[in-house]
Amino acid sequence: MLRYTARRLMLLGLTLLVASVLIFTMTTVLPGDVGRIILGPFAQESAVEALNEELGLNQPVAVRYFQWIGGVLQGDWGESLSLNTPVLPLALERLGRSLVLAALAIGILIPLAIGVGVAAGRRPGGGLDRVASILGLALGAMPEFVTGVVLIVAFGIALPWFPVQAVTGSGAGFWAILHGLVLPAMCLVLLLFAYLFRMTRAGMIAALEADYTRTARLKGLPERIVLRRHVLRNALLPTVTVIGAQLGWLVGGLVVVESLFRYPGIGSLLHNAASNKDVPLLAGCTLLVTLVFSLANLTADLVYGLLNPRVRDAVAE
């Protein structure tokens, strides 16, 4: 297991290195003149060129990359060009908000999707299986902004049970903040339910039809023991990897949901940075999201390796 973990950590470092090159390259080639965006459309060309020179934007891309990545490794992620504030503290604050929203969504999604998937997989073709499959596919096919608008109209306006904006006052308590996050969290849950449900259902059906399950039943083991020791352990293995990928997507793919519910997370910050061609802020936020996504997948791989010794033995050889 230690060798398996070491190899995964080495792969994580290589992934982040390649991602940093791609992120900086893509943010650098964005259309628009940074100096012109900062000074405005009526600024003189000489002032725009002087500002670009001061910001180091006239240097070669390779030089600018090594200066940027060197600062990142030392904890200096630069300053936002549009907000005049250090990138790292701002990005970490917004990331923390997004992680709270993602944790609430995952906390609702995992028991709901796995529970329904296990129940549907035990009786494929039954009433629960058909209803959950149709409902999950219908919800998963809807874009998140459509689902969000429906939730706002239904439970924020027609039935004013929840606020239509996730932002609360600075003095709001825990329950007030949680109450404001219910609608955006449910929007994410409805969007991701179908995929996790289908993975769990397919794993249950395959595990129930496997030879080891038939052998356990022929030995006379009680059904609850067969399900707990033999079926669930193997049926949920693919689901573990999916959960890791879903967590990474939740953190990086919250632009629409956070904008719709006016939630100040990392997604809305990324959108603002891209709109203003704020290269330091955009590169820093994207790198931070990539790090979270990679750590989520690393955690899923380690859990998968613990549950399935054959995988870690094959990788470690």
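Here, the structure is the one placed above.
We now turn to the structure provided with this report. (Residues numbered from 1 in each chain as written. Predicted model: local features only at pLDDT ≥ 70, side-chain atom pairs only at ≥ 80, totals over all residues. Heavy atoms only, no water.)

This paragraph deals with helix 7 (residues 144-158). Its 15 residues give helix 7 an end-to-end C-alpha distance of 20 Å, which sits within 8% of 21 Å, the value for a rise of 1.5 Å per residue. At Ile152, helix 7 shows its largest bend, some 25°. For helix 7, the complete set of buried residues consists of Glu144, Thr147, Gly148, Leu151, Ile152 and Gly156. In this structure, the buried side of helix 7 is in contact with helix 8 (174-208) and helix 12 (255-260). (Helix = DSSP H or I, 4+ residues; strand = E, 2+ residues; numbered from the N terminus. Expected span 1.5 Å × (residues − 1). Bend = angle between axes of the 7 residues up to and from the residue. Buried < 20%, exposed > 50% of the residue type's maximum accessible area, 1.4 Å probe, protein only. Contact = heavy atoms within 4.5 Å.)

Once that is clear, we can look at the nonpolar core. In this structure, Trp68 and Leu109 are the most contacted members of the largest nonpolar core, which totals 54 residues. Where this core is concerned, the elements lending two or more residues are helix 1 (2-28), helix 4 (61-73), helix 5 (87-122), helix 7, helix 8, helix 11 (237-252), helix 13 (266-275) and helix 14 (279-307). For this core, the element with the most residues is helix 5, which contributes 13 residues. When residues no more than four places from it in sequence are discounted, the contact partners of Leu109 are Ile114, Val189, Leu192, Phe193 and Leu196. Core analysis: the second largest hydrophobic core is formed by 10 residues, Ile114, Ala207, Leu208 and Val231 among them. (Core = buried A, V, L, I, M, F, W, Y, C linked by side-chain atoms within 4.5 Å.)

Below, the discussion takes up the side chain of Asp278. One can find Asp278 in the loop between helix 13 and helix 14. Sequence-distant contacts of Asp278, that is, excluding residues within four places in its chain, are made with Ser80, Leu81, Ser82, Leu83 and Ala273.

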